[in-house]
Every structure is written in structure tokens, then in C-alpha cells.
Amino acid sequence: MKISIGIDISKKKCDYCVINGRGRVLERGQYLNTRKDAGRCARTLLAKYGGTGNCTAACETTANMNT
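Definitions and limits used
Every chain is numbered independently, its residues counted from 1 as its sequence is written. Only residues with pLDDT of at least 70 get local features here, since the model is predicted, and only at 80 or more are side-chain atom pairs given and counted; chain-wide, interface and lining totals rely on the full set of residues. In computing side-chain properties, one takes all heavy atoms of the structure into account and sets aside hydrogens as well as water. Here a helix means four or more residues in a row that DSSP labels H or I, a strand means two or more in a row labelled E, and each is numbered from the N terminus. Three labels apply to residues, based on accessible area from a 1.4 Å probe with only protein chains included: buried if under 20% of the type maximum, exposed if over 50%, partly exposed otherwise in between. Pairs of N or O atoms within 3.5 Å make up the polar contacts considered here, provided that, within protein, one atom can donate a hydrogen while the other can accept it, and that residues adjacent in sequence are counted only when both atoms are side-chain atoms. When DSSP finds two or more bridges between two strands, those strands count as paired. The axes used here are C-alpha line fits, helices contributing only the stretch in contact, and every angle between their N-to-C directions lies in the interval 0 to 180 degrees.

Asker: Tell me about the side chain of Asn 33, residues and numbers included.
Answerer: Position of Asn 33 among the secondary structure elements: in the loop between β3 (25-32) and α1 (35-49). According to the relative accessible area criterion, Asn 33 is buried, its value standing at 1%. In terms of polar contacts, Asn 33 uses its side chain to reach the backbone carbonyl oxygen of Lys 11, at 3.3 Å.

Structure (C-alpha cells):
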């Protein structure tokens, strides 16, 4: 089944939501807006949902990533 991940980037934190092909929310969460935490979240989500073979992620374009 298709999995979609949406990421909303704010100045200090990021929110994400994972939904399946039927629109059911599978998971919601937050992480700090740093490269370290973004990488950690990406690795975690990839481990959980990346093996489905049908997972896409999208985030808004921004220049607000903190280091």
C-alpha cells in the first residue's frame, strides 16, 4: 500500500505526518529543526516505511534549516 510522508518546516521545529493510501494517519511527530535531528527522523522513517517499495515524502522548500 502507498505511504506518504508530509513534513512542515518551522523555524525551531518540524512536524511530520505519515498516511497510507486510504488517507489513514499512521503516525505524527515532531523533531527539532537541526540537520542532526532531521537525519535521525529520516533514518527512523526510512526504517519503518521505506521497505514498502511505495513510499514518498515531501516537504516545503525553505532556507530555515538550523545547524
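What follows picks up the thread again.
Asker: Describe the sheet that holds β3, listing the residues and the values that go with them.
Answerer: With mixed pairing, four strands are arranged side by side in an open sheet as β3-β2-β1-β4. Whereas interior strands pair on both sides, the edge strands pair on one side only; in this sheet they are β3 and β4 (55-59). The average angle at which neighbouring strand axes cross in this sheet is 15°, direction not considered. By the bridge criterion, five bridges tie strand β1 (residues 3-9) to β4 in an arrangement that is parallel. Residue pairing in the sheet places Ile 5 in a bridge with Ala 57 of β4.

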